[in-house]
Amino acid sequence: MTPTFYRPVADECTVFHHAFEEHLPLCLKGPTGTGKSRFVEAMAERLGRPLVTVACHDETSAVDLVGRYLIRGGETVWQDGPVTRAVRAGAVLYLDEIAEARPDVIVVLHPLSDHRRVLYIEQRDEAVPAANGFHLVISFNPGYQRGLKELKASTRQRFVSLAFNYPDVEIETDIVVGETGVDKKIARRLSVLAHKIRKLDHLGLGELPSTRLLVDAAKLVRAGLEPRRACQVAIVESLTDDPDVRDGLNEAIALAF
Ligand code: ADP
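The model shown is predicted, which means the values in this text are computed figures rather than measured ones.

Notes on the site of the ligand
The ligand sits among 16 residues. The nearest are Arg7, Gly33, Ser37, Arg38 and Glu179. Gly33 is positioned such that a nitrogen or oxygen atom in its backbone is 2.7 Å from an oxygen atom of the ligand. The contact in question runs from an oxygen atom of the ligand to an N or O atom on the side chain of Lys36, over 2.8 Å. Calculation on the ligand without its partners gives an accessible area of 570 Å², and the protein chains cover 90% of this total. Elements supplying a minimum of two residues to the shell around the ligand: helix 2 (36-46), helix 7 (169-180) and helix 9 (211-223). Considering only residue class, the shell around the ligand consists of five nonpolar, six polar and five charged.

Focus on the pairing of strand 3 (residues 67-72)
Pairing of strand 3 with strand 4 (residues 75-80), which is carried by six bridges, proceeds in the antiparallel orientation. Counterpart to Gly67 in the pairing with strand 4 is Asp80. Remark: two residues form the turn of the hairpin made by strand 3 and strand 4, two consecutive strands paired antiparallel; Gly73 in that turn has positive phi of roughly 55 degrees.

A short note on the sheet that holds strand 2 (residues 51-55)
Ordered in space as 2-5-8-1-9, the five strands form an open sheet in which the pairing is parallel. Every interior strand has two partners, whereas the edge strands, strand 2 and strand 9 (160-163), have only one. Averaged over all pairs of adjacent strands, the angle between strand axes in this sheet comes to 20 degrees, irrespective of strand direction. Note: strand 1 (residues 26-29) against strand 9, four bridges, orientation parallel. Along strand 9, the bridge assignment pairs Cys27 with Ser161. Its contacts with the sheet put helix 2 on strand 1, strand 2, strand 5 (92-96), strand 8 (135-140) and strand 9, and the angle it makes with strand 5 is roughly 175 degrees.

Calculation rules
Residues numbered from 1 in each chain as written. Predicted model: local features only at pLDDT ≥ 70, side-chain atom pairs only at ≥ 80, totals over all residues. Heavy atoms only, no water. Near = heavy atom within 4 Å. Polar contact = N/O pair within 3.5 Å; in protein donor to acceptor, adjacent residues only side chain to side chain. Areas by Shrake-Rupley, 256 points an atom, 1.4 Å probe, with all protein chains shown as cover. Helix = DSSP H or I, 4+ residues; strand = E, 2+ residues; numbered from the N terminus. Nonpolar A, V, L, I, M, F, W, Y, C, P; charged D, E, K, R; others polar. Pairing = 2+ DSSP bridges. Axes fitted to C-alpha atoms, helices over the stretch in contact; angles between N-to-C directions. Contact = heavy atoms within 4.5 Å.

Right under this line is the structure:
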């Protein structure tokens, strides 16, 4: 099996290794599409640990994560949730967008995130010690400008934090080429274009174009779509529905290609 492609941006792989060895849980913060999930996937693989990922949303509760009693064939059976499975298996547990989840989720994570390394299952009155190799990683998108939920300071202090952001043009070009095999010149133009758009404050974009969008555009180009059209469908239409903003973005594309 070919290893998962991950292009390091700084020293994040070293930090992950040390945090893993020292049993320090990690918090990856940064905008969507900047490689956080890919990073965790690649690190779990390198460490030879299974990976359990949970995409949290505003309905995610402690019960969803820990487990619940189900009625099966007239009998009551306990079913482990993803966090319990990860704790028992000594997996890397990645809770994506943790700030979106209900507050009771945080209560479950506290004893897992400190020296206790234990999961308390209230319904079963059971304490499950984390198996060797268990590692807790959470992510969140600091959305102070956009009214996204925040993580409490007392929770954040339990984690070693790594900031993810849009990479510089050289690295982003490498990522797009590595991920899609598209011609390097095209990848570079896409990255330069994204860097320009990220600076167009006056357009008032809610979300900026992420590396993920560039990868999508590059895949369409590789498949044979004309680059401007690829940028329109992969980047512009994904970022806005406003005709004026669309015009502004299309102008930037026309200059780039
Ligand atoms: P996030 O979890 O931050 O929302 P992802 O990890 O899902 O972002 O990244 C989105 C896509 O961007 C990935 O599928 C991959 O194609 C690409 N990507 C971004 N950064 C990197 C990187 N450093 N190395 C490899 N691929 C990356």
